[in-house]
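Here's the letter readout for the chains.
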2 protein chains.
Amino acid sequence: MSTENPTHNEVNFATPRSFGATLKSHLKETFFPDDPFRQFRNEKSCGRVVKKAVQYFIPIFEWLPNYNLRLFRFDLLAGITIASLAIPQGISYAKLANLPPVIGLYSSFVPPLIYAVFGNSKHLAVGTVAACSLLIANTIGEKVSFKDDPTLYLHLVFTATFFTGIFQTILGLLRLGILVDFLSHPTITGFMGGTATLICLQQLKGIFGLKHFTTKTDVVSVLRAIFENRDEWRWQSVVVGIIFLIFLQFTRFLKRKRPNLFWVSAIAPMVVVVVGCLFAYFAHADKHGIQIVGHLNKGLNPLSIEHLNFNSQYLPVTLKAGLITAIIALAEGVAIGRSFAIMKNEQVDGNKEMIAFGLMNIVGSFTSCYLTTGPFSKTAVNFNAGCRTAMSNIVMAICMMLTLLFLAPFFSYTPLVALSAIIMSAMLGLIDCKEIYHLFKVDKFDFLICMAGFIGVAFISMDNGLMMSIGLALVRTILYAARPTTCKLGKMQDSYLYRDTEQYPGSTGVPGVLALQLGSPIYFANSNYIRERILRWIQEEDDVVNDEESVVEHVLLDLSGVTSIDTTGIETLIEIRKILEAKSIKLSIINPRLDVMEKMIRSHFVDKVGKESIFLCIEDAVEASLFTPSTQKKQHQVFV
Amino acid sequence: MSTENPTHNEVNFATPRSFGATLKSHLKETFFPDDPFRQFRNEKSCGRVVKKAVQYFIPIFEWLPNYNLRLFRFDLLAGITIASLAIPQGISYAKLANLPPVIGLYSSFVPPLIYAVFGNSKHLAVGTVAACSLLIANTIGEKVSFKDDPTLYLHLVFTATFFTGIFQTILGLLRLGILVDFLSHPTITGFMGGTATLICLQQLKGIFGLKHFTTKTDVVSVLRAIFENRDEWRWQSVVVGIIFLIFLQFTRFLKRKRPNLFWVSAIAPMVVVVVGCLFAYFAHADKHGIQIVGHLNKGLNPLSIEHLNFNSQYLPVTLKAGLITAIIALAEGVAIGRSFAIMKNEQVDGNKEMIAFGLMNIVGSFTSCYLTTGPFSKTAVNFNAGCRTAMSNIVMAICMMLTLLFLAPFFSYTPLVALSAIIMSAMLGLIDCKEIYHLFKVDKFDFLICMAGFIGVAFISMDNGLMMSIGLALVRTILYAARPTTCKLGKMQDSYLYRDTEQYPGSTGVPGVLALQLGSPIYFANSNYIRERILRWIQEEDDVVNDEESVVEHVLLDLSGVTSIDTTGIETLIEIRKILEAKSIKLSIINPRLDVMEKMIRSHFVDKVGKESIFLCIEDAVEASLFTPSTQKKQHQVFV
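Residues numbered from 1 in each chain as written. Chains lettered and ligands numbered in written order. Predicted model: local features only at pLDDT ≥ 70, side-chain atom pairs only at ≥ 80, totals over all residues. Heavy atoms only, no water.

### Focus on the overall build of chain A
We apply this condition: Here a strand is any run of E in DSSP of at least two residues, a helix any run of H or I of at least four, and the numbering for each starts at the N terminus. Only protein chains enter the accessibility calculation, which uses a 1.4 Å probe. A residue is then buried if its area is under 20% of the maximum for its type, exposed if over 50%, and partly exposed in between. The positive count covers Lys and Arg only, the negative count covers Asp and Glu only, and His and the chain ends enter neither. To locate a charge, take NZ of a lysine, CZ of an arginine, CG of an aspartate or CD of a glutamate.
The helix and strand inventory of chain A stands at 28 helices and six strands. For chain A, the spread of C-alpha atoms along the principal axes amounts to about 105 × 70 × 55 Å. Buried positions account for 60% of the 640 residues belonging to chain A. Distance between charge centroids for chain A: 11 Å, based on 57 positive and 51 negative side chains.

Below is the structure:
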């Protein structure tokens, strides 16, 4: 048996990249992972670059020149369908936000127009959402009561919407989509579920026809308020409400059974509103104690830019409302735009969408609109109705304009109980039990994150529930980073491959050699853990086999999966080497990646451990370990 | 050429582990990575288990029975050496904390005794530290002035020390050493450097003999205070101070040049104090305007347990001081104990050390001591003086007891300028320029974290500087997790290995096949990024080679390095598969690890993508891709 070091693959010890090159690469990965300006690099003519730039920043210039009548037919139908949904939703959600109902109609006129100009998604339908409406009502309501001072309340809501738009635009311009990514799907599922539960229970006020209610928003307070005001229950309200609710739920059931009948559930809220108006008008329902919406004047959006209130005593609540709703609205809107785009195998630029939402809300706050985004229900209807471009939003806006100019007073007869039934039906659809069960089955921590949001929102408060859920998600992030998984590698039978011995129990170790695969990254927060873990692996090896001949003499650290290391990590590797040397154990490093190799060279770790101890693959390292003097006596055991 | 699927290694699709097994494994990794109770599992007799438990929790019972005279000789010498350092350091740092100097002597009597009973490190020497002394002075000083109400100030310092002990004990019992890990080495280097700079500049008050000074602690205010009070400068003070400083720095220089003369720099502070006392006594220095320490009464530590002040108006400052100093003292003490243990190839149990420090501070707060930990300078002297066990701390305590009983009044003649010179000399040694330069060379982000601490402490405030540094370190943690490095794999020349094409430029891709290695983990915060990055890789491949034949038809995702995935990650993989399917690109998964495979099975991803698309190694996947109909026409290009 030759005692020379067998030939093995060449490890690359070349000079590391310059700091400038590394920084540029990291910045690009962090902020421009999709490389959005790639299309500009290939252009030669200046005119084409300018044209492409305009199309990039104002997407309507990209699809409008290619627009034709055929596309318009689809968009017209989709636009009318979502307009029929926009009217009842607009009025209902405005009531949820404690705003005059006409604000809800205004919010489906101007914002969709802005989105059609700047937005990227072909399917997204713009409108108000229940969760953010309630959040705004809660947050602004802490400071100003909508009953005592409705004008101030309204102006503060516009101001909060303005801040929402500012935050969203800044996030989009600074390409900080990474922050919105931290609102994970389990968090949103839990938050929306909890909010939907809350809103459903609050609608019982409208169904039962109560006048007195609680301002608190947790489940216990709401249920108590319903039962304490039992004497105010009105059976007429209850009957009408239940009939509407059953009708709406039936149309949803129909949609699930026969997907091509989706349009029935889409126009159902409008039907409920129209029937309710007629009933209230002809039956003089207001004399029978069925409350109606009231106050829906004709006319388009008045300007509200002079009403924005930046008074320092209200700034904390408006900024808070603006920031929280900005992030939630972005998380929902961008995710929804993306998921529908994927169904059509298209891509949506998340950062550009954020800018579009931001502009939508800024201009909306100037024109008496409040927070809008891309709600799931409306977008789904838009998609199923066959929209082809954002023109459907323009069509919806035009329908809304006609409603505001001519039809608005008609809707003032809408009974509140009808609105409650519409909201309840929509909210019941938002509690995604199937998804929650799926989380429970696949990943218990994600289930915990989801339930923290759900229960926090339902029993404590909306922002506390959201914070608890995000907090748990951040704890998970830190745990991932602080406890990277390591495993012991063994050689698989009849193969040259080395794999995790726990995952492939048939794989066996080589006597005297302990091969470990380390998880990524190795840095200050997990260096101590990694060192202790490696020493424990060695202890366990020595404990298991009490045979003198099998005591560990070589430790091979496979760094194939380690993509980053910092100075503390390098110091820890140096310490590990020292400790092993004192135990007469030789350390070998396998396949260090680019960033790790650069740091190892710069810190002279490579010189300390020796280039001959760094290998490109585990097979080379194992071979080399067999050829060192201390293990020569073992050779016959392996090569039998 | 056969069109059958060639045989390849068997992937393990076995039933996943139960939730209980996974949870137990994760909890063990998080809280018990060093498996401290392993020694108990092998014991049969109950008596031996009890004995081992007592030795585990009260370490003195482990080393004391084996103690002998030979060890005692070493410990006696080391103990006397560190006692000679403890007296000047104790008096100086107590002045730094605006406390009566005798408190510094008390703090080197009781706490070392407690540590000797409960501590694990053989080399750690217990004493007060400059940084925490200043931090306590700042924090308590925000609420109570030590000039106006010295008694209350003193009682609050004892209370803060009590809370420090409580926090440290709780962290140790709950095995939350993970929190202390987040105070990384760059953070500590920067924080200590900034604090040392601050303290050095503050000592100029003592050197110049000023009476009036600023209470602010940033560099600008301190320099301004020195120059504004120019009329108070006393040349006698300056001359004496500079002589002492030059002497102390010379002994340090001697230690660096001839390490075996370390004891010279160890007794140098004591020499300065004794010379200063004699000079002040015989030259009646106090009449020449050289201030002396004063007020050092005889007698041991009085009990202070009844003086602990839990009044709610002071609780915020005492809790804040307690918490911040707890974490800093732990980070420093445990790290120092560990690094010296490593030099002797021993291990220190971090969590047990934390409990020892906690008990030390709790008992200290009952006996008129303030915050103590294991300072680097004292421990280094102890180590170099040849200590063998924690008995050196007991020897130091006994020396301190003799000093308190007989010698204390002598030290009341110590000139303040001598103390200032001692502190300045110690602090100059704490500014680790070599380490800062090393950080700059190896890892620029770590350098930034260090400088944020340094500059923040020096120019803003101690806690703001610390927060900035830790904040940057947490941002780095989040960036690691949010942007895991991916790379393209290529086949190396003359080898079957696939490696990063950027690190090994000689490696080439297979036509039509794009092999990517993903970084770990894949979860909600980076799912969007990973999807966009993969699509960009495909775009770049198609852009680079405009040849029709080389357009990407297979994407192989190597998940060897991916140790964790959550539900959002699984959903993203499903989305990626859909997107690729629409582009007629086939997706293959390579070597999914244990946790990832379990989630893929539970979420039915394995069924969606098909077991035949999951391979154990990249070579199998590449072979299989060559045998699919769409790439058959390429076969001849590879097998030429």
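Continuing now.
### Remarks on the pairing of strand E1 (residues 487-491) of chain B
All names here are of chain B. As a reminder, the rule being used: Two strands qualify as a pair provided that DSSP identifies no fewer than 2 bridges between them.
Pairing of E1 with strand E3 (residues 513-517), which is carried by three bridges, proceeds in the antiparallel orientation. Residue pairing across strands places cysteine 487 opposite glutamine 517, the latter belonging to E3. Pairing geometry for E1 and strand E2 (residues 498-500), over three bridges, is antiparallel. By the bridge assignment for E2, leucine 489 is matched with aspartate 500. Hairpin connection between E1 and E2: a loop of six residues separates the two successive antiparallel strands, and aspartate 494 in this loop has a positive phi of roughly 55 degrees.

### Looking at the sheet that holds strand E6 (residues 614-615) of chain A
All names here are of chain A. What counts, and what does not: Any two residues having at least one pair of non-hydrogen atoms within 4.5 Å are treated as being in contact. Note on method: axes are straight lines fitted to C-alpha atoms, helices fitted across the in-contact stretch only, with angles between N-to-C directions ranging 0 to 180 degrees.
Spatial ordering of the open sheet is given by E2-E1-E3-E4-E5-E6, a layout of six strands whose pairing is mixed. Two strands in the sheet have a free side with no partner beyond their single neighbour: strand E2 (498-500) and E6. Together, strand E1 (487-491), strand E3 (513-517) and strand E4 (554-558) form the strand contacts of helix H23 (residues 524-544), whose direction differs from that of E3 by roughly 145 degrees.

### As for the relation of the copies chain A and chain B
The cut-off we apply is this: Here the copies were fitted onto each other by least squares, based on C-alpha atoms from residues at pLDDT of at least 70 in both.
The transform that puts chain A on chain B rotates by 180 degrees and translates by 0.0 Å along the axis, for an RMSD of 0.1 Å. This pairing of chains is accounted for by a two-fold axis. Distance from the rotation axis, computed per C-alpha, reaches its smallest value in chain A at glycine 561 of chain A: 1.9 Å. Take the interface residues of chain A: 100% of them recur as interface residues in chain B, which is what a same-surface contact looks like.

### So, the environment of tyrosine 529 of chain A
Inspection of the secondary structure puts tyrosine 529 of chain A in helix H23. Residue class for tyrosine 529 of chain A comes out buried when judged on its relative accessible area of 3%. Taking the C-alpha atoms as reference, tyrosine 529 of chain A lies 7.2 Å from arginine 483 of chain A; in sequence the two are 46 residues apart. Residues within four places of tyrosine 529 of chain A in sequence aside, it is in contact with Ala482, Arg483 and Pro484 of chain A together with Glu29 and Pro33 of chain B.

### What about the pattern of salt bridges?
Rules: Counted as salt bridges are all cases of a side-chain nitrogen of Lys or Arg within 4 Å of a carboxyl oxygen of Asp or Glu.
Considering all chains together, one arrives at 22 salt bridges over all chains under this definition. For glutamate 532 of chain B, the salt bridge identified is with arginine 338 of chain A, shortest N-O distance 3.4 Å. Of this pair, glutamate 532 of chain B sits in helix H23 (residues 524-544) while arginine 338 of chain A sits in helix H15 (residues 315-343), on two different chains. Here arginine 338 of chain A falls in the buried class, since its relative accessible area comes to 14%. Between glutamate 575 of chain A and arginine 531 of chain A there is a salt bridge; the shortest N-O distance is 2.8 Å. Separated by 44 residues along the polypeptide, glutamate 575 of chain A in helix H24 (residues 567-582) and arginine 531 of chain A in helix H23 bring together distant segments of the chain.

### Some details on the side chain of threonine 567 of chain B
You can see threonine 567 of chain B is positioned in helix H24 (residues 567-582). Note on threonine 567 of chain B: relative accessible area 2%, which makes it buried. With sequence-adjacent residues up to four places away left out, threonine 567 of chain B is seen in contact with Pro186, Leu439, Val442, Asp443 and Asp446 of chain A.

### Some words on the interface of chain A and chain B
Formally: In short, buried area is how much 1.4 Å probe accessible area vanishes from two parts on joining, totalled over both.
Taken together, the contact between chain A and chain B spans 92 residues of the former and 93 residues of the latter. Interface area, chain A with chain B, both sides summed: about 8,500 Å², of which 54% is carbon and sulfur. On the chain A side of the interface with chain B, the three residues burying the most area are Tyr480, Gln503 and Phe524 of chain A, jointly 8% of the side's total. Taken together, chain A and chain B are joined by four salt bridges.

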